[in-house]
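# Geometric and topological summary
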Amino acid sequence: MLVDLVDTHTHVFFDDFNSDRDQVFSRASEAGVDRMINVGVDIESSRKAIELATRHEACFATVGCHPHEADHWTSGHGQELVRLAREKKVVAIGEIGLDFYKNFSNHENQKKSLQEMLKIAQGCHLPVVFHCRDAHEALIQILSDRALRPARAVLHCFTGTRDEARRYLDMGYHISFAGQITFRNAGPLREVAAMVPMDRLLLETDAPYLSPEPMRGKRNEPAHVRFTAIRQAELHGITLEECARMTSQNAKDLFGL
Ligand SMILES: [Zn+2]
Ligand SMILES: [Zn+2]
């Protein structure tokens, strides 16, 4: 049975999809993935995300600079993001945040560019897509400033603890899990996922990364969000159809799709 799924976080504009992007879209639609959000990671990819959204009805876009890019951040980037955020089908500022795991950028630069983009999100009245890896304490600290804290946000590809999840839920935020929840050794993460109420849960692939089982190790694509949906449905004791309906409604509420 075909269910309507939303892949709320994907990067189909990446070169990984250059040879078969159209097939990727057809496979997504055959798998019931009728909408997807292409998430920008820098200025150039934010433009590409918008371009895809213009050409494909199923696509929406976000604009933002990933914490990995923070060492290259300038106020010019901020001005360009403000311009891009006004484009049609741009539904959020992101992905922005902190990554103290890969440490591709200096921590202070990460915090500074994040704070500037949070101000942009406030000004545009758009929700925020957060990327946070091994940096929840620092992120929660930044969000304690009410002038910066967005009213609506999602923690994407969540890998934090129950306690950290609880704190974001208390702020009114959504939480999204990628393919990791299907991995054999992901028991503790599945416990966190099971704790997130269905009305705050989103589905995502983060393609081309993090392919869920049974596709683990291969390039990921939006059609595979179905495997993550099946696992979430099991964890919450509901059917795939119910899981699809509720998570798609959440995506609609958060991003206004
Ligand atoms: Zn991310
Ligand atoms: Zn991503």
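What counts, and where the lines are drawn
- Residues numbered from 1 in each chain as written.
- Chains lettered and ligands numbered in written order.
- Predicted model: local features only at pLDDT ≥ 70, side-chain atom pairs only at ≥ 80, totals over all residues.
- Heavy atoms only, no water.
- Donors = N, O, S within 2.8 Å, 3.2 Å for Na, K, Ca; no water.
- Helix = DSSP H or I, 4+ residues; strand = E, 2+ residues; numbered from the N terminus.
- Buried < 20%, exposed > 50% of the residue type's maximum accessible area, 1.4 Å probe, protein only.
- Core = buried A, V, L, I, M, F, W, Y, C linked by side-chain atoms within 4.5 Å.
- Pairing = 2+ DSSP bridges.
- Axes fitted to C-alpha atoms, helices over the stretch in contact; angles between N-to-C directions.
- Salt bridge = Lys/Arg side-chain N within 4 Å of Asp/Glu carboxyl O.
- Phe/Tyr/Trp six-rings, centres within 6.5 Å; stacked < 30°, edge-to-face > 60°.
- Lys NZ or Arg CZ within 6 Å of the ring centre and 35° of its normal.
- 1 Å grid on protein atoms, 1.4 Å probe; cavity = no way out; pocket = protein on both sides within 12 Å on 5 of 7 lines; lining within 4 Å.
- Points joined across faces, edges and corners; volume = space filled by probe spheres on them.
- Nonpolar A, V, L, I, M, F, W, Y, C, P; charged D, E, K, R; others polar.

Taken together, Glu-95 (OE), His-131 (ND1) and His-156 (NE2) make up the protein donors of the zinc ion (ligand 1), found 2.0 to 2.1 Å from the metal. In this structure, the zinc ion (ligand 1) is positioned 3.5 Å from the zinc ion (ligand 2), and both are ligated by Glu-95. Linking Glu-95 in strand S4 (residues 90–99) with His-131 in strand S5 (residues 128–133), this pair joins segments that are 36 residues apart in sequence. Take His-131: its relative accessible area is 13%, and that puts it in the buried class.

This next bit is on the coordination of the zinc ion (ligand 2). Around the zinc ion (ligand 2), the protein contributes the donor atoms His-9 (NE2), His-11 (NE2), Glu-95 (OE) and Asp-206 (OD), which lie 2.1 to 2.4 Å from the metal centre. Expressed as a motif, the donor residue spacing for the zinc ion (ligand 2) is H-x1-H-x83-E-x110-D. Taking the relative accessible area as the measure of exposure, Glu-95 reaches 3% and is therefore buried.

If you look at the biggest cluster of nonpolar residues, it comprises 77 residues, and the most contacted ones within it are Leu-118, Phe-130, Leu-139, Tyr-168 and Phe-177. Residues Val-6, Ala-92, Val-154 and Leu-257 belong to the second largest nonpolar core, which totals 13 residues.

Glancing now at the sheet that holds strand S8 (residues 201–203). Reading across the sheet, the 8 strands line up as S1-S2-S3-S4-S5-S6-S7-S8 and stay open at both edges, with parallel pairing between neighbours. In this open sheet, the two edge strands, each paired with only one partner strand, are strand S1 (5–10) and S8. For this sheet, the mean inter-axis angle between neighbouring strands, taken without regard to orientation, is 25°. Relative to S5, S4 runs parallel, the two sharing 6 bridges. In the sheet register, Ile-93 faces S5, and the bridge partner there is Val-128.

A complete count under the given rule lists 13 salt bridges for this structure. A salt bridge links Arg-27 to Glu-221, with the shortest nitrogen-to-oxygen separation between them at 2.7 Å. One end of the pair, Arg-27, is in helix H1 (residues 21–30); the other, Glu-221, is in the loop between S8 and helix H8 (225–236), and 194 residues separate them in sequence. For Arg-47, the salt bridge goes to Glu-80, with nearest N and O atoms at 3.1 Å. In this pair, Arg-47 is assigned in helix H2 (residues 43–55) and Glu-80 in helix H3 (residues 75–85), connecting sequence segments 33 residues apart. Since its relative accessible area comes to 41%, Arg-47 is described here as partly exposed. Here the salt bridges do not stand alone but share partners, grouping Asp-20, Arg-27, Arg-219 and Glu-221 into one network.

Taken as a whole and judged by the stated rule, the model has 5 aromatic pairs. Relative to Tyr-168, the ring of Phe-158 has its centre 6.2 Å away and its plane inclined at 85°; by these criteria the two rings are edge-to-face. With Phe-158 in the loop between strand S6 (153–156) and helix H6 (162–170) and Tyr-168 in helix H6, the pair connects residues that are 10 residues apart, well separated along the chain. Across the pair, Tyr-168 and Phe-158 agree in class, each one buried. On the numbers, 6.0 Å between centres and 85° between planes, the contact of Phe-158 with Phe-177 is edge-to-face. Remark: Phe-177 occurs in strand S7 (residues 174–177) and Phe-158 occurs in the loop between S6 and H6; sequence separation between them is 19 residues. As far as the burial class goes, Phe-158 and Phe-177 line up, both buried. The lysine or arginine in question, Lys-89, covers the ring of Phe-60, its NZ or CZ lying 5.0 Å from the ring centre. Geometry around Phe-183 places Arg-216 over its ring, the cationic atom sitting 3.6 Å from the centre.

In this structure, the largest pocket occupies an estimated 450 Å³ of space. Looking at the lining of the largest pocket element by element, the count peaks at 3 residues for S5. Grouping the amino acids of the lining of the largest pocket by side-chain chemistry returns 7 nonpolar, 7 polar and 6 charged.

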